[in-house]
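# What the coordinates show
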Amino acid sequence: MALTTGIVGLPNVGKSTLFNAITKSQVEAANYPFATISPNVGVVEVPDERMDKLVEMFNPRKSIYTTFEFTDIAGLVKGASKGEGLGNQFLSNIRECDAICHVVRCFENADITHVEGGVDPIRDIEIINLELIFADLQTAENRISKVERKAKSNDKEAVFEYNLLKRIHEVLMSEKPVRSLEMTKEEQDLLKGFHFLTAKPVIYIANMSEDEISEPESCVHYQAVVKFAEAENNHVIPVSAKIEEELASLDKEEKAMFLEELGIQTSGLDQVITTAYDILGLCTYFTVGEPEVRAWTFKRGMKAPDCAGIIHTDFKKGFIRAETYSYDDLMKYQTEAGVKEAGRLRLEGKEYVVQDGDIMHFRFNV
């Protein structure tokens with residue numbers, strides 16, 4: 001289950017520098033199954049200390065972390081919704097993403113001009129938000145015109161869709177995103193098919209100077225973004241794109257030392273990934289053994305057969321049971337044998353809801 005987020009931002013906010021950092025730390029294609037990596041896509045490993053421990057414990061021939069895919073959305077300028085710049089390409093790319101990472105400039109630098117004449121992160125956010133809203137209005141209006149006639153003939157499904165679209169249109173006309181609308185589960189399921197841009201969760205990336213990143217709260221621009229994001233119930237991650245680019249060329253030990261020197265606990269890129277995992281309701285289960293230790297991404301609430309199907313459709317089709325124990329129990333008892341002796345190994349059936357940190361071995365028959 002690949003997690004994809006689109007990186008958006010106005011020119012000269014640090015978006016390209018951040019994407020350069022991502023592509024420098026990109027996983028090898030061999031460790032990214034079922035995909036060809038295109039030039040505007042960067043694929044990085046999801047940081048997970050549990051995987052590090054499991055690799056240390058099992059010493060496998062191969063280890064595969066879950067991955068996080070960034071798409072660099074080019075061509076966003078004022079008027080993108082009307083096709084300005086590379087507007088149409090930008091909109092089609094972002095529709096395929098699960099979430100949006102909105103890079104906002106929060107640093108002053110006289111040598112780097114701002115397309116709008118000066119640093120004002122809230123103005124920048126509002127420019128992009130409006131472009132997304134305008135694009136969604138077009139989508140809503142096009143769909144309303146198609147479904148309206150059927151709705152007037154009292155077709156039950158058409159009436160349901162028409163009423164939802166009219167509510168969405170009203171919200172967009174008030175310059176609010178689709179995600180601000182309260183919806184039932186049935187409405188949310190229908191919404192997925194429309195690919196509204198403003199329905200996607202947003203993480204604001206406050207790109208800061210190298211001097212201010214260790215104490216972001218002291219930056220007035222960062223404070224403004226935090227206040228804006230809190231009103232929207234969104235997240236803000238302070239990042240120095242320049243530092244992230246430097247970190248990308250270091251190994252894990254060097255990276256940890258560099259961050260310690262800077263007084264930063266976690267890199268901004270790692271924070272973006274873990275935050276995206278959280279807001280998208282994603283979890284990780286593991287498969288372990290001497291040949292391979294591997295992390296698998298799944299949606300919170302998924303049952304064992306569906307999680308088995310992430311590995312291979314045959315696993316879901318012929319699912320019998322899942323031999324399961326928790327990562328925490330493995331750390332407590334140190335070996336799989338110790339987990340079994342403690343009675344902590346479980347046999348789970350088709351109705352088992354998989355938990356974050358489960359270590360699983362699937363039994364199936366096709």
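Above this text you will find the structure in question.
The structure contained in this document is the topic of the report that follows. (Residues numbered from 1 in each chain as written. Predicted model: local features only at pLDDT ≥ 70, side-chain atom pairs only at ≥ 80, totals over all residues. Heavy atoms only, no water.)

Another aspect to go through is the nonpolar core. Grouped together as the largest cluster of nonpolar side chains are 55 residues, with contacts concentrated most on Ile22, Phe68, Phe70 and Tyr204. Ranked by size, the runner-up nonpolar core spans 19 residues in total, among them Leu137, Leu164, Ile168 and Leu172. (Core = buried A, V, L, I, M, F, W, Y, C linked by side-chain atoms within 4.5 Å. Buried < 20%, exposed > 50% of the residue type's maximum accessible area, 1.4 Å probe, protein only.)

Glancing now at the layout of surface pockets. Its boundaries defined by the atoms lining it, the largest pocket holds a volume of some 990 Å³. The wall of the largest pocket is formed by 28 residues, among which Asp98, Ala199, Lys200, Pro201 and Leu280 lie closest to the centre. Counting residues per element, the lining of the largest pocket draws most heavily on helix H6 (residues 185–191), which supplies four residues. For the lining of the largest pocket, the residue count by class is 13 nonpolar, five polar and ten charged. (1 Å grid on protein atoms, 1.4 Å probe; cavity = no way out; pocket = protein on both sides within 12 Å on 5 of 7 lines; lining within 4 Å. Points joined across faces, edges and corners; volume = space filled by probe spheres on them. Helix = DSSP H or I, 4+ residues; strand = E, 2+ residues; numbered from the N terminus. Nonpolar A, V, L, I, M, F, W, Y, C, P; charged D, E, K, R; others polar.)

The next point concerns the side chain of His221. Relative to the assigned elements, His221 resides in helix H7 (residues 220–232). Among all residues touching His221, those that are not within four sequence positions of it are Cys106, Glu108, Val119 and Pro121. (Contact = heavy atoms within 4.5 Å.)

Either a parallel or an antiparallel arrangement is found when strands of a sheet pair, and the pairing is made through backbone hydrogen bonds. Spatial strand order, E2-E4-E1-E5-E6-E7: six strands in an open sheet with mixed pairing. Where the open sheet ends on each side, the last strands, each with one partner, are strand E2 (41–45) and strand E7 (235–239). Pairs of neighbouring strands in the sheet enclose a mean axial angle of 25°, with direction left out of account. Relative to strand E5 (residues 99–105), strand E1 (residues 3–8) runs parallel, the two sharing four bridges. Across the sheet, Thr5 pairs through a bridge with Ala99, a residue of E5. Along the sheet face, helix H4 (residues 121–152) touches E1, E5 and strand E6 (202–207) and points at about 145° away from the line of E5. In the packing of helix H10 (residues 268–279) onto the sheet, contacts are made with E1, E2, strand E4 (67–72), E5, E6 and E7, and the angle to E7 comes to roughly 165°. (Pairing = 2+ DSSP bridges. Axes fitted to C-alpha atoms, helices over the stretch in contact; angles between N-to-C directions.)

Within helix H11 (residues 304–311), six of the eight residues are buried, leaving the element largely enclosed by the surrounding structure. Every buried residue of H11 is accounted for by Ala304, Pro305, Cys307, Ala308, Ile310 and Ile311. Close packing links the buried residues of H11 with strand E8 (282–287), strand E9 (292–299), helix H12 (313–317), strand E10 (319–326) and strand E12 (358–364).

For Asn233, which is not a glycine, the phi torsion comes out positive at approximately 65°. Position of Asn233 relative to the elements: it lies in the loop between H7 and E7. Among the residues examined, Asn233 registers a relative accessible area of 66% and is labelled exposed. Positive phi, normally seen in glycine, also occurs at Gln334, with a value near 75°.

This part is about the packing of aromatic side chains. Per the counting criterion, the structure on display carries nine aromatic pairs. For the pair Tyr285 and Phe298, a centre-to-centre distance of 5.8 Å together with 50° between the ring planes defines the contact as tilted. Of the two residues, Tyr285 is situated in strand E8 and Phe298 in strand E9; the sequence distance between them amounts to 13 residues. Grouping residues by exposure puts Tyr285 and Phe298 together as buried. Aromatic rings pair up to connect Tyr285, Trp296, Phe298, Phe319 and Phe362 into one cluster. (Phe/Tyr/Trp six-rings, centres within 6.5 Å; stacked < 30°, edge-to-face > 60°.)

A few words on H10. Here H10 contains twelve residues, and its C-alpha end-to-end distance of 16 Å stays within 8% of the 16 Å for a straight helix at 1.5 Å per residue. Taken together, the buried positions of H10 are occupied by Gly268, Leu269, Asp270, Val272, Ile273, Thr275, Ala276 and Tyr277. Looking one or two residues past H10, Gly281 carries a phi angle of roughly 65°, positive in sign. (Expected span 1.5 Å × (residues − 1).)

Bringing the pattern of salt bridges into the picture now. Following the criterion strictly, the structure yields 20 salt bridges and no others. A salt bridge links Asp356 to Arg50; its shortest N-O distance comes to 3.1 Å. Taken as a pair, Asp356 in the loop between strand E11 (346–348) and E12 and Arg50 in helix H2 (residues 49–58) lie far apart in primary sequence, 306 residues in all. With relative accessibility at 19%, the residue Arg50 sits in the buried group. Arg363 is paired through a salt bridge with Glu323; the nearest N and O atoms lie 3.0 Å apart. A residue pair is termed long-range when its members are at least 10 positions apart, and Arg363 in strand E12 and Glu323 in strand E10 qualify at 40 residues. In the salt-bridge network here, residues are joined through shared partners; they are Asp48, Arg50 and Asp356. (Salt bridge = Lys/Arg side-chain N within 4 Å of Asp/Glu carboxyl O.)

Shape is all these values report; function is a separate question.
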